[in-house]
Amino acid sequence: MPHTLERFSIPAMHSRREFLKGVSLTLVAACSANPSGCWTADAADAPPIPGKEGMIVRSFRFLDLEMPPEYADSFITPIPHFFVRNHMHEPATLDASTWRLTVSGEVKKPLVFSLAELEKLESHAVVNALECAGNGRGLVDPHVSGIQWQKGAVGNARFRGVRLADVLERVGVKSTGKHVMFRGLDEVPGKVPPFIRSIPLEKALHPDTLVATHINGVRLPKHHGFPARALVPGWVGAASCKWLAEIKILNQPFDGNFMYPGYRLPNEPMKSGAAITLENSHTLTDLNVKSLIAAPGDGAKLRSRAIRVRGVAWAGESEVARVDVSTDSGATWQAAELVKEHAKYAWRLWSFAFKAVKPGGCTIMSRASDSQGRVQPASVSWNPGGYLNNAIDRVNIYVEA
Ligand code: MTE
């Protein structure tokens, strides 16, 4: 096949050197305060990340950026506010003209696609709420180790690309092919195991599962997987491999670190401190039903007693059916209004207006339910990874006299 590739203009900050150059000035100052180079503090203490101003830096060594809850105020999350989750270094250089996607394994005809060849396949778009499985880990009690995400390792974006099913059709999956493995171009430091995971063939063949090249109408920026990433809608973010370079069809699930012990949930509730084994656990797939209060912010002091609560809710492969709000610490609940705009896999905006009965402190809670009848619980049972924490959201506000 001819390689008639145009050179795409690659968004700024495409090499780690450039990226670090961009933050170096502030970094010099910040490093003296935090020599480990790994931030877990507020955005206020961390160096600004170009194009991602205002985000909470959860880790700087491998960039992990969290969206402050107040940014969850639009159907589509603008790229500057979209969270970033990296298990290792982003690729130092990425060039659209030399990038190739290898597809092999249990197939009749292994193929290598250039970006231009890939993009000859029919284009398809999916609006998807992408959430990190570890979102809410920092709120888990007892504490579990890992990136201490609070509420904002989630965002809702319009992804566009080609159907993974169309790619797989070109290579012809053999009857022995059962799982689809993704490998990205991450730079793996030292002994860190590479970020390689697989999904079952059935999900890979779903017409909404993509090899995505665009987000919100532009080419994927580097932080989000330029030039192509898997997009496995409704599933934990870990399924959506960035900087995709290799797809391999396997006869069983990939068995690397990020499949076991990583990204697994216990089959039965477990005591805190217990360990995951292959037998007592399963791989994380689709997301839970969950809601997030965007406004008022936690700790807000309000002058008016007339208060509008706003937020978002999502439910993985299911539809959000309703969101209920409590303004009396969970004693009573009332239905919030769901905003019209919605799409399968997307988050849904909601709002709720109430008048505070008296000045003083008030706890507002939000609880989403979905089309499968799942309801957000008051608390979730503990698991060693702190995964899928979808406990009812809450904020404490103060209404001034
Ligand atoms: N893909 C690669 N190659 N390397 C990674 O570290 N992180 C995964 C996934 N894809 C990751 C990856 C995880 S855990 C999440 S939650 C999503 O990417 C986050 O996507 P984002 O950074 O575009 O928000």
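What you see is a predicted model, and the numbers here were worked out from it, not measured in a lab.

Student: Looking at this structure, how should I read the confidence of the model for the chain?
Tutor: Low pLDDT marks regions whose predicted coordinates should not be analysed in detail. Per-chain confidence: the chain averages 90 in pLDDT, with 89% of residues scoring 70 or above. For the chain, per-element mean pLDDT is lowest for helix 1 (residues 16-33), which scores 36, and highest for strand 12 (residues 229-231), which scores 99. The low-confidence segment residues 1-43 (pLDDT under 50) makes 63 contacts with residues lying over four places distant or belonging to another chain.

Student: Sorry if this is basic, but what is going on with the sheet that holds strand 24 (residues 393-399) here?
Tutor: Backbone hydrogen bonds hold the strands of a sheet together, and the pairing may be parallel or antiparallel. Spatially, the five strands line up as an open sheet ordered 17-24-23-19-20, and their pairing is mixed. Bordering the open sheet on either side are strand 17 (301-302) and strand 20 (334-335), each of which pairs with just one other strand. Pairing of strand 19 (residues 320-326) with strand 23 (residues 360-370) involves six bridges; the strand directions are antiparallel. Looking at the pairing, D324 lines up with R367 of strand 23.

Student: Would you take a moment to explain the pairing of strand 16 (residues 290-295) for this structure?
Tutor: Side-chain direction in a regular strand flips from residue to residue, so the side chains alternate between the two faces of the sheet. By the criterion of burial, strand 16 is predominantly enclosed, with five of the six residues buried. Bridge analysis of strand 16 against strand 18 (residues 306-314) gives five bridges, and the strand direction is antiparallel. What sits directly across from I293, in strand 18, is G311.

Student: Looking at this structure, how should I read helix 3 (residues 164-171)?
Tutor: An α-helical turn contains 3.6 residues, so any two residues separated by three or four positions project in the same direction. For helix 3, the full list of buried residues reads L164, V167, L168 and V171. Mapping the buried residues of helix 3 onto a view down its axis gives an arc of 95 degrees, with all of them on the same face. For helix 3, the secondary structure elements touched by its buried residues are strand 4 (100-105), strand 5 (111-114), strand 7 (154-163), helix 4 (201-204), strand 10 (210-215) and strand 13 (244-250).

Student: Is there a simple way to think about the pairing of strand 13 in this case?
Tutor: Relative to strand 13, strand 4 runs parallel, the two sharing four bridges. Within the sheet, the bridge partner assigned to S104 lies in strand 13 and is K248. As paired strands, strand 8 (residues 179-184) and strand 13 are joined by six bridges and run antiparallel to one another. Counterpart to H179 in the pairing with strand 13 is L250.

Student: Would you explain the sheet that holds strand 22 (residues 348-355) in this entry?
Tutor: Overall, antiparallel pairing links the four strands, which are arranged 16-18-22-21 in an open sheet. Strands with a single pairing partner mark the edges of an open sheet, and in this sheet they are strand 16 and strand 21 (337-338). By the bridge criterion, two bridges tie strand 21 to strand 22 in an arrangement that is antiparallel. Residue E337 lies in a different strand from strand 22, and its bridge partner there is S351.

Student: Explain unusual backbone geometry here, please?
Tutor: The phi angle of most residues is negative, glycine excepted, and most peptide bonds adopt the trans form. Cis geometry is found at the peptide bond from Y260 to P261, where omega equals 5 degrees. Its location among the elements puts P261 in the loop between strand 13 and strand 14 (264-266). For the bond running from A295 to P296, omega is 0 degrees, close enough to zero to count as cis. Inspection of the secondary structure puts P296 in the loop between strand 16 and strand 17. Here the phi dihedral of N216 falls at roughly 50 degrees; this positive angle occurs in a residue that is not glycine. As for its position among the elements, N216 is in the loop between strand 10 and strand 11 (218-219). At W243, a residue that is not glycine, the phi angle is positive and equals roughly 45 degrees. W243 sits in the buried class, given 23 other C-beta atoms within 10 Å.

Definitions and cut-offs
- Numbers given for residues are sequential positions, taken from 1 along each chain in its written order.
- Local features in this predicted model are restricted to residues of pLDDT 70 or higher, and side-chain atom pairs are both shown and tallied only at a pLDDT of 80 or more, whereas totals for entire chains, interfaces and linings draw on every residue.
- In predicted models, pLDDT denotes the confidence assigned by the predictor to each residue on a 0 to 100 scale.
- Helix and strand definitions here come from DSSP, where helices need a minimum of 4 consecutive H or I residues and strands a minimum of 2 consecutive E residues; each element is numbered from the N-terminal end.
- Our contact criterion uses C-beta atoms placed from the backbone: two residues qualify when those atoms are within 7 Å.
- In this analysis, strands are considered paired if DSSP registers two or more bridges between them.
- A residue is called partly exposed when the number of other C-beta atoms within 10 Å of its own lies between 12 and 20, exposed at 12 or fewer, and buried at 20 or more, with C-beta atoms placed from the backbone.
- Working definition: the arc comes from the directions between the helix axis and the C-beta atoms, pointing outward to the latter.

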